[in-house]
Amino acid sequence: MFKRTKRKNYRYIGLLYILPWLIGLMIFQLYPFFMSFYYSFTNFNMVAPPSFIGLDNYKEIFTNDPGFTQALKVTSLYVILAVPVKLAFALFIALILSAKLKGINLFRTVYYLPSILGGSVAIAVLWRFLFMRDGVVNNMLGNLGIPSIDWLGNPDVALYTLGLLSVWQFGSSMVLFLAGIQQIPGDLYEAGSIDGASKTRMFFKITVPMLTPIVLFNLIMQMVNAFQEFTGAFVITNGGPMKSTYLYALKLYEEAFTFFKMGYASALSWILFVIIMVVTGIIFKTSNRWVYYEDGGKS
Amino acid sequence: MRKQWWTGSLAVVMSAALIAGCSGGNGTAGSGEDNGGQVTLRFSWWGGDGRHQQTLEAIEAYKQVAPNVRIEPEYQGFDGYEQKVKTQLASSTSADIMQLDVPWMEDLTQSDFFLDLSDQSELSLDEFDADFLTNFSTYNDKLVALPSGVNAYALVINKTAADALGVPTDIEWDWETIYEEGKKLHERDSSKHLLLADHGVLMQDFNKFLMQRTGEQWVQEDYTLGFTQEDAVAALTWLDEAMRAGVYQPLGEADLFYGKTEQNPKWINQEIAMISAMSSTLLPLRSVFPEDVEVITALPVIAKDAKDTAVQVRPSQLYAISAKSQHPEEAAAFLNWLLHDAEAAAILGDVRSVPASSAAQQAAVDAGKIDPAIARAVEMGLANATGLLDNALSTNSEVTSILQDSIEKVAFGRATPEQGATELIAALERKLSDLQARQ
């Protein structure tokens, strides 16, 4: 009897400890989450109270909004370009940093730094000054006799330049790859070298398959982040030139805070939520074909 | 057990603090009165460094005038200010006194966010031009805001650079002369341009071109267009040719500094001679030059056969007092001092262009605090303005965003002026009927 009461008390005390987090979750996550769903069926300009309009916002988005199509197109291209390149680059650096060299930990820290700084406004401003017409990058190219490129002012190039900013923030993926590489049993490589496999062959036949669970994790996390990318496009190009960097999050922001159509913006955010959910689902569904788990994925 | 109690209590306290922190304030947050009868008022504005410094100095001086009033300044650049103020108003956390912009007022006056200033005995209104108050400060028969200064569109010219580049500065500019001079300059040196223009300035030039050609606002209050396909093609053709001839800096370069024009390296390096701007922005534009660089103002570009000059004079900004202010009388008294008092005028000078109050204007002139270039821009504006005012639709952000799309397509050579005009008219007509339906 006494024991049961004590256990019950422990449960309450446990709940009490996580109460600040639970309250935060309810106020800052769950409440906006459900309210935005409600607002997506309303006309709400923040000045007047919201009025219910049914599915009108969704109808308008899918049938009469060229901005939505453009934003979706630009964002898809951005995700398709930036995510694989970033992962490949992160893996490349992780391979280099997995070498057992003196002072390697310092290099690992240094290479992680861009990920801490990368999403900030200050770095976005720096990116603008680096890549503008008379910027540092073009000056360096000029010194090498290469003609300057309009990195941010040319509608055909600007999105790739923003993609570079994303690739530059490869640190978190790199750290995970590095941990994964260090977990690969050395006897696999030993067996490979006894069988006469080249380094390249061992990379593709041992390293890559053993890292596929981490590739899956990184792919999903980076894809989700890329779909919601905002800072770079907002600060550097503001969606221009000619809407060539008009990412979905920018469209959402514009509807919410330039046109003050909060209901419409809420509908857009729910559509993005569904898109990310579907793409994540597809990746998961196909993962059993290309992800290798040593234990067969049972744990 | 004691440790559990202690940590458990801490969790309860943190939860209570979280809930208390998240509960919305009633009325303007931060305003209040402490035990000593001290009143705190929040005052928010946007601007550049010069405006911030002078306004802070004025707030400091007000401590001598009303020792029981403490003004809490909230200032930033223009970027994001509109969003912040609208969100604060919607959540009842706005400052007591707010600096606002004319194009936002139509939206903001849909609700009773602001005090009716005609009811405030602390405020003197006689020093303002009555038409100014009627046209820009009165909404739904309520005087909701007061003008900070008189702002006129003008050509801001770096005379030192213009002289060095062989650009005349003593002529009246029309669309032909500006095209010819810009073309000649760019032909002489392809790194130089006559005009600095981001998409905002290009849209403004397009509007002025149309207004001068038609004598009407480009979007009418009855949700119709004030121009024909032919008018739009003419305006876009001029723009297209000017862009190709290098009269303007390429849009892709200029737009990287949208909203912060003075940071454009070509302007700073004096490789561009002119910009079409409002007189209130002259100080930040000049602030990036060395002392010996002379900056002057001229009348904006006006077509030879213009039906309307399209020269506009409007308040630089507006000041409003929140209807939820807990201290409306003290807020009105501070605003009155800021707008009319000789000491305030001498401190603020022309940081918000020429003061709108005649008393403050005189005091600022007497103190030698009005820049001759700003004074000239306002003088010329007042002499040439023909009274064609921007209506709410012509500055509506959804409408202007359509214009931006069409102008960008033409400016980047991705659409001919004919295609641009056709797309523009079709998209505008759709949007206007949508906006009308929402009314």
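Residues numbered from 1 in each chain as written. Chains lettered and ligands numbered in written order. Predicted model: local features only at pLDDT ≥ 70, side-chain atom pairs only at ≥ 80, totals over all residues. Heavy atoms only, no water.

## Observations concerning the layout of surface pockets
Rolled over the atoms, a probe sized like a water molecule indicates the empty space that remains.
Line of reasoning, step 1. The calculated volume of the second largest pocket comes to roughly 980 Å³.
Line of reasoning, step 2. Every residue lining the second largest pocket is counted, 27 residues in all, and those nearest its centre are Pro32, Ser36, Leu252, Ser266 and Ser269 of chain A.
Line of reasoning, step 3. Those elements that provide at least two residues to the lining of the second largest pocket are helix H1 (2-39), helix H12 (248-258) and helix H13 (262-290) of chain A together with helix H3 (81-90) of chain B.
Line of reasoning, step 4. Of the residues assigned to the lining of the second largest pocket, the class counts are 20 nonpolar, seven polar and no charged. (1 Å grid on protein atoms, 1.4 Å probe; cavity = no way out; pocket = protein on both sides within 12 Å on 5 of 7 lines; lining within 4 Å. Points joined across faces, edges and corners; volume = space filled by probe spheres on them. Helix = DSSP H or I, 4+ residues; strand = E, 2+ residues; numbered from the N terminus. Nonpolar A, V, L, I, M, F, W, Y, C, P; charged D, E, K, R; others polar.)

## Some thoughts on the pattern of salt bridges
Residue and element names in this part refer to chain B.
Line of reasoning, step 1. By the definition in use, this model includes 30 salt bridges over all chains.
Line of reasoning, step 2. Across the pair Glu82 and Lys86 runs a salt bridge whose closest N-O atoms are separated by 2.9 Å. Placement of both Glu82 and Lys86 in helix H3 is noted, with a separation of four residues, approximately one turn of the helix. For the pair Glu82 and Lys86, one class covers both residues: buried. (Salt bridge = Lys/Arg side-chain N within 4 Å of Asp/Glu carboxyl O. Buried < 20%, exposed > 50% of the residue type's maximum accessible area, 1.4 Å probe, protein only.)

## Concerning the domain arrangement of chain B
Residue and element names in this part refer to chain B.
Line of reasoning, step 1. As far as domains go, chain B holds domain 1 (31-148 + 316-340) and domain 2 (152-313 + 387-438).
Line of reasoning, step 2. Taken together, the eight residues of domain 1 in the interface contact six residues of domain 2.
Line of reasoning, step 3. Interface area for domain 1 against domain 2, summed over the two sides, is near 570 Å², with a carbon-plus-sulfur share of 62%.
Line of reasoning, step 4. Area buried by domain 1 at its contact with domain 2 is led by Asp79, Pro103 and Phe136, which between them contribute 44% of it.
Line of reasoning, step 5. Counting across the domain 1 and domain 2 interface gives one salt bridge.
Line of reasoning, step 6. A salt bridge links Asp79 to Lys260, with the nearest nitrogen and oxygen atoms 3.7 Å apart.
Line of reasoning, step 7. Applying the counting rule to domain 1 against domain 2 returns zero residue pairs in polar contact (both at pLDDT 80 or more).
Line of reasoning, step 8. Ranked by the residues each element gives to the side of domain 1 that touches domain 2, the list is headed by helix H5 (residues 130-137), at three residues. (Domains from an automatic or database assignment. Contact = heavy atoms within 4.5 Å. Buried area = accessible area lost by both parts, 1.4 Å probe. Polar contact = N/O pair within 3.5 Å; in protein donor to acceptor, adjacent residues only side chain to side chain.)

## Here's the deal with unusual backbone geometry
Line of reasoning, step 1. With an omega of -10 degrees, the peptide bond between Gly240 of chain A and Pro241 of chain A qualifies as cis.
Line of reasoning, step 2. Along the polypeptide, Pro241 of chain A turns up in the loop between helix H11 (231-237) and H12.
Line of reasoning, step 3. A positive phi angle, near 65 degrees, is found at Tyr223 of chain B, a position not held by glycine.
Line of reasoning, step 4. As for its placement among the helices and strands, Tyr223 of chain B is situated in the loop between helix H8 (199-214) and helix H9 (229-244).
Line of reasoning, step 5. If you check the backbone angles, Gln270 of chain B has positive phi at about 60 degrees while not being a glycine.

## Looking at the packing of aromatic side chains
Both the distance between ring centres and the angle between the ring planes are used here to describe each pair of aromatic rings.
All names here are of chain A.
Line of reasoning, step 1. This model, assessed by the stated rule, comprises 42 aromatic pairs over all chains.
Line of reasoning, step 2. Seen from their ring centres, Trp127 and Trp168 are 5.5 Å apart, and the 40 degrees between their planes marks the pair as tilted. Here Trp168 lies in helix H7 (residues 158-168) and Trp127 lies in helix H5 (residues 121-131), a separation of 41 residues in the sequence.
Line of reasoning, step 3. On the basis of relative accessible area, Trp127 is assigned to the buried category, the value being 7%.
Line of reasoning, step 4. Measuring from ring centre to ring centre gives 5.2 Å for Trp270 and Phe273, while their planes differ by 70 degrees; the resulting arrangement is edge-to-face. Residue Trp270 and its partner Phe273 are located together in helix H13, separated by three residues, close to a single helical turn.
Line of reasoning, step 5. Accessibility expressed as a relative area gives 13% for Trp270, which makes it buried.
Line of reasoning, step 6. One aromatic cluster is present, formed by Phe33, Phe34, Phe37, Phe41, Tyr58, Trp270 and Phe273 through successive ring pairs.
Line of reasoning, step 7. If you follow Lys243 out to its NZ or CZ, it ends over the ring of Tyr246, 4.4 Å from the centre.
Line of reasoning, step 8. In this structure, Lys261 packs its charged tip against the face of Tyr264, placed 4.4 Å from the ring centre. (Phe/Tyr/Trp six-rings, centres within 6.5 Å; stacked < 30°, edge-to-face > 60°. Lys NZ or Arg CZ within 6 Å of the ring centre and 35° of its normal.)

## A short note on the nonpolar core
Residue and element names in this part refer to chain B.
Line of reasoning, step 1. Counting residues in each nonpolar core, the largest one holds 78 residues, and the members touching the most others are Phe43, Leu100, Phe114 and Phe334.
Line of reasoning, step 2. Broken down by element, this core gets its largest block of residues, seven residues, from helix H13 (residues 328-340).
Line of reasoning, step 3. Each of domain 1 (31-148 + 316-340) and domain 2 (152-313 + 387-438) gives at least three residues to this core.
Line of reasoning, step 4. In contact with Leu100, not counting residues within four places along its chain, are Trp46, Val85, Met105, Leu108, Phe114, Gln317, Leu318 and Ala320.
Line of reasoning, step 5. One finds Val301, Leu393, Val410 and Leu428 within the second-largest nonpolar core, a separate group that totals 58 residues. (Core = buried A, V, L, I, M, F, W, Y, C linked by side-chain atoms within 4.5 Å.)

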